Amino acid sequence: MTGIATADLYDERGDELQALETQLLDLGGRTRFTGPVRTIRCQNDNALVKATLASPGDGAVLVIDGGGSMATALMGDMIAGSAVEHGWAGVIIHGPVRDRTALAQLDLGIKALGSIPRKSGKEGTGEADAVVEFGGVAFRPGAMLWADEDGVLVER
């Protein structure tokens, strides 16, 4: 992300923006990123995540609502590498990742609750491009999102 920091952006735009209250770790090689929101709701199953991040990202940020479950990783190094190849700006995960050392080397913004080595199911359960809500924010597909070391802001 070039330009304005999230704290300054919030000072400038205030109530036009939602601030994510959930504390996430910066796990990618890029800590500042911005782009239009795309969404997935899934729990302990990352088949939709894999398919979505293997499609053109056009600078978007994929927000994955994993329900806060820490049982299985929703993204690892191979899926994140595919996201880089396909032009995604970042991924925000309400759940864990795996392969943290490799993720930190990728030019991709990644914020998640933490990590776990256990891989997820591959059944394809879940929903894409729906409004997902966590941490006091409603993530609407197409809304602009800004993320940096201070947190995440999303247009109302």
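All of these numbers come straight from a predicted model, not from anything done at the bench. (Residues numbered from 1 in each chain as written. Predicted model: local features only at pLDDT ≥ 70, side-chain atom pairs only at ≥ 80, totals over all residues. Heavy atoms only, no water.)

**A look at the pairing of strand β5 (residues 90-97)**
The buried count for β5 comes to eight of eight residues, which makes it a mostly enclosed element. Alignment of strand β4 (residues 61-65) against β5, held across five bridges, turns out to be parallel. Note that in β5 the partner of Val 61 across the bridge is Gly 90. Handedness of the β-α-β unit built from β4, helix α3 (residues 77-85) and β5 comes out right-handed. With six bridges joining them, β5 and strand β6 (residues 109-115) adopt parallel strand pairing. Paired with Val 91 across the bridge in β6 is Ile 110. (Buried < 20%, exposed > 50% of the residue type's maximum accessible area, 1.4 Å probe, protein only. Helix = DSSP H or I, 4+ residues; strand = E, 2+ residues; numbered from the N terminus. Pairing = 2+ DSSP bridges. Right-handed = clockwise from strand over helix to strand, strands pointing away.)

**Section: α3**
Buried within α3 are the following residues: Ile 79, Ala 80, Gly 81, Ser 82 and Ala 83. One or two residues past the end of α3 sits Gly 87, with phi positive at roughly 80°.

**Digging into the environment of Gly 135**
Looking at the element boundaries, Gly 135 is found in the loop between β8 (132-134) and β9 (137-139). Gly 135 sits in the buried class, given a relative accessible area of 18%. Along the backbone, Gly 135 and His 94 are 41 residues apart, and their C-alpha atoms lie at a distance of 9.0 Å. Gly 135 has contacts with Ala 19, Leu 20, Glu 21 and Thr 22, leaving out every residue within four places of it along the chain. (Contact = heavy atoms within 4.5 Å.)

**Notes on the pattern of salt bridges**
Scanning all chains against the criterion turns up eight salt bridges. The shortest N-O distance in the salt bridge between Glu 155 and Arg 13 comes to 3.8 Å. With Glu 155 in strand β11 (residues 151-155) and Arg 13 in helix α1 (residues 6-13), this residue pair connects regions lying 142 residues apart in the sequence. Relative accessible area serves as the criterion here: at 24%, Glu 155 is assigned to the partly exposed category. The partner of Asp 26 in a salt bridge is Lys 111, and the shortest N-O contact between them spans 2.7 Å. With Asp 26 in strand β2 (residues 25-26) and Lys 111 in strand β6, this residue pair connects regions lying 85 residues apart in the sequence. Owing to a relative accessible area of 30%, Asp 26 belongs among the partly exposed residues under this scheme. (Salt bridge = Lys/Arg side-chain N within 4 Å of Asp/Glu carboxyl O.)

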